[in-house]
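Here's the letter readout for the chains.
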Amino acid sequence: MATPKLRGSALAAGTISAVLTLSACGSSDSGSGGDGSGELAGTTIVVSTFPFGVEDFQTNVVEPFERATGAKVEIDSGSNADRLTQLQLAGGNPGIDVMLISDTFAALGQDQDLFQRFDAEDVPNLNELHEFAVDEAYAGPAYTYQLNGILYRSDELSAEEAAEWSIFEDPALAGKVALPDISATAGQLTVSGIGAAYGSGPYDVDTAFTTMGEWAPDVLQFYTSTTEVSNLIAQGEILAVPTIIGFVPPLVASGQPIGWIPPTEGRYMATNRLMIPEGAENTEGAYAFIDYMLSQEAQEASLATDLPVRPDVTPAPSFTGLMGENAGDPVAMGYETLSPEEITANRADWVDRFAREVSGK
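As the structure is a prediction and not an experimental result, all values here were calculated from the model. (Residues numbered from 1 in each chain as written. Predicted model: local features only at pLDDT ≥ 70, side-chain atom pairs only at ≥ 80, totals over all residues. Heavy atoms only, no water.)

Re the overall build of the protein chain
If you tally the helices and strands in the protein chain, you get 13 helices and 10 strands. Burial statistics for the protein chain: of 361 residues in total, 53% are counted as buried. Expressed as a percentage of contacts within the protein chain between residues at least 6 apart in sequence, the contacts between residues at least 24 apart total 76%. With the model as given, the accessible surface of the protein chain reaches about 14500 Å², and the carbon-plus-sulfur share is 46%. (Helix = DSSP H or I, 4+ residues; strand = E, 2+ residues; numbered from the N terminus. Buried < 20%, exposed > 50% of the residue type's maximum accessible area, 1.4 Å probe, protein only. Contact = heavy atoms within 4.5 Å. Areas by Shrake-Rupley, 256 points an atom, 1.4 Å probe, with all protein chains shown as cover.)

Written as structure tokens, this is what we have:
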């Protein structure tokens, strides 16, 4: 990654590291910013994030960072699409210093030059991450990831059955399965998984759309939100559905006969990334906040809801119990990320085709 120009009175990387070393120690002494006297005291960092999990984010990340640095963090939340639209309309004055956003929308914004690049001189913890998390194709690193797999009713199906894409063409399950709309996070991952399993690779959407179109008459619903999935599977209206792992642990912990398993082939994952908008007013604070989010302390504090991107942090048992062999290393599990160039170049066409050739049937 290339180093961007700094704005205002730049903090040296060493100073940022010192600030975060204090936070890693969990100190609330006066020198750590607990009394508002830290290295970033008097500054405000505006962070844009997702609308869900804001309370946990505030408790696990924002408040420890504020105590360590003396900075004030303001949170702005909204959907990926809404927040990217606001950034597009901002005209280079985003009013945001750090944006937490899914990889597809990060790629779309990056394609429009809405985000700036930074490197390990600015954010030292970039050197401590899994390789997939610092993909050069993106201007900012991943701080967590989502694996696509099959959610299923374990009282009706075995794990071995659920792991095969062919379950969605089984006549015995007609009307008892669901698939994600391509607009959902699991949507593109599922299309790519089927393209790889039935065709020539993850971008063979011709084969994927033809295959899914043949399944469509027996699909109860093409869902757009995880809430829909939770309700359908919990009520037994569906027996199998491709979906991301993030919201599954609470379903399993509820005691219902529900399981989740990676597909035997066509394994793809999404990432949520930390991006700095072009025109951000407080890039120094942005570097410090991002570095803290990638620290061992912050990654461990977020384990209940997020999968970590540091090799020295193990996912929570609620996740590892679902992930199986090599849990904690998605690449070793056989998962791949998708090319942002392929997604941005084709997304509009693929969304239109999916509606006509798959979900519209």
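Read on for the rest.
As for the packing of helix α3 (residues 80-89) against helix α4 (residues 103-111)
One way to put it is that α3 packs onto α4 with a least axis distance of 10 Å and a crossing angle of 15 degrees. In this view, α3 runs roughly parallel relative to α4, as classed from their interaxial angle. For α3 against α4, the interelement crossing comes out right-handed. Contacts between α3 and α4 involve N80, A81 and L84 from the former and F105, L108 and G109 from the latter. (Axes fitted to C-alpha atoms, helices over the stretch in contact; angles between N-to-C directions. Parallel < 35°, antiparallel > 145°, perpendicular 65-115°, else oblique. Left-handed = near helix turned anticlockwise from the far one by under 90°.)

Digging into the environment of E164
The topology assignment puts E164 in the loop between α5 (159-162) and β6 (177-180). Overall, the relative accessible area of 31% leaves E164 in the partly exposed class. Along the primary structure E164 and G266 are separated by 102 residues, whereas in three dimensions their C-alpha atoms are 10.0 Å apart.

Some thoughts on the pattern of salt bridges
Taken as a whole, this structure holds five salt bridges when the rule is applied. In this structure, R153 engages D155 in a salt bridge whose closest nitrogen and oxygen atoms are separated by 3.0 Å. The exposure class of R153 is buried, given its relative accessible area of 11%. On the accessibility criterion, D155 (43% relative accessible area) is partly exposed. Close ionic contact of R353 with D206 constitutes a salt bridge, the shortest N to O distance being 2.9 Å. Here the residue R353 occupies a position in helix α13 (residues 340-359), and D206 occupies one in helix α7 (residues 205-215), the gap between them amounting to 147 residues. Members of the salt-bridge network, linked through shared partners, are D206, R353 and E357. (Salt bridge = Lys/Arg side-chain N within 4 Å of Asp/Glu carboxyl O.)

With respect to helix α10 (residues 283-293)
A large share of α10 lies buried, amounting to 11 of its 11 residues. By the burial criterion, the buried members of α10 are T283, E284, G285, A286, Y287, A288, F289, I290, D291, Y292 and M293.

Side note on the nonpolar core
Ranked by size, the top nonpolar core spans 95 residues in total, and within it L151 and F289 carry the most contacts. Beyond its immediate sequence surroundings of up to four residues, F289 is in contact with V47, F57, V61, V62, F65, V73 and V98. L84, I101, L114 and A137 belong to the second largest nonpolar core, which has 16 residues in total. (Core = buried A, V, L, I, M, F, W, Y, C linked by side-chain atoms within 4.5 Å.)

Re a negative patch on the surface
Together, D111, D113, E278, E341 and E342 make up a negatively charged patch on the protein surface. Along the chain, E278 falls in the loop between β10 (269-277) and α10. (Patch = residues over 30% accessible without salt bridge, like charges linked within 9 Å, V, L, I, M, F, W, Y side chains within 5 Å. Lys, Arg positive; Asp, Glu negative; His and termini not counted. Charge placed at Lys NZ, Arg CZ, Asp CG, Glu CD.)

Regarding helix α2 (residues 54-69)
At V62, α2 shows its largest kink, close to 35 degrees, and the proline P64 lies no more than four residues downstream. Just past α2, the residue G70 takes up positive phi, approximately 85 degrees. (Bend = angle between axes of the 7 residues up to and from the residue.)

Quick word on the packing of aromatic side chains
By convention here, two paired aromatic rings are described through the distance between centres and the angle between planes. Evaluation of the coordinates by the stated rule reveals 11 aromatic pairs. Seen in terms of ring centroids, F132 and Y145 are 5.4 Å apart; in terms of plane orientation they differ by 90 degrees. Their pairing is edge-to-face. With a gap of 13 residues between them, F132 in the loop between β4 (115-116) and β5 (142-153) and Y145 in strand β5 connect regions that are remote in the sequence. Using a relative accessible area of 10% as the deciding quantity, one classes F132 as buried. Ring geometry for Y198 versus W215: centroids 5.9 Å apart, planes at 75 degrees, classification edge-to-face. Placement of the pair is Y198 in helix α6 (residues 185-198) and W215 in helix α7, with a sequence separation of 17 residues. For Y198, a relative accessible area of 33% puts it in the partly exposed group. Through a chain of ring-to-ring contacts, the aromatic side chains of F57, F65, F289 and Y292 assemble into a single cluster. The ring of F50 carries the charged tip of R83 above its face, separated from the ring centre by 5.0 Å. Over the face of the ring belonging to Y138 we find R273, whose NZ or CZ atom lies 4.0 Å from the ring centre. (Phe/Tyr/Trp six-rings, centres within 6.5 Å; stacked < 30°, edge-to-face > 60°. Lys NZ or Arg CZ within 6 Å of the ring centre and 35° of its normal.)

Note that all results are geometric; they support no functional claim without further evidence.
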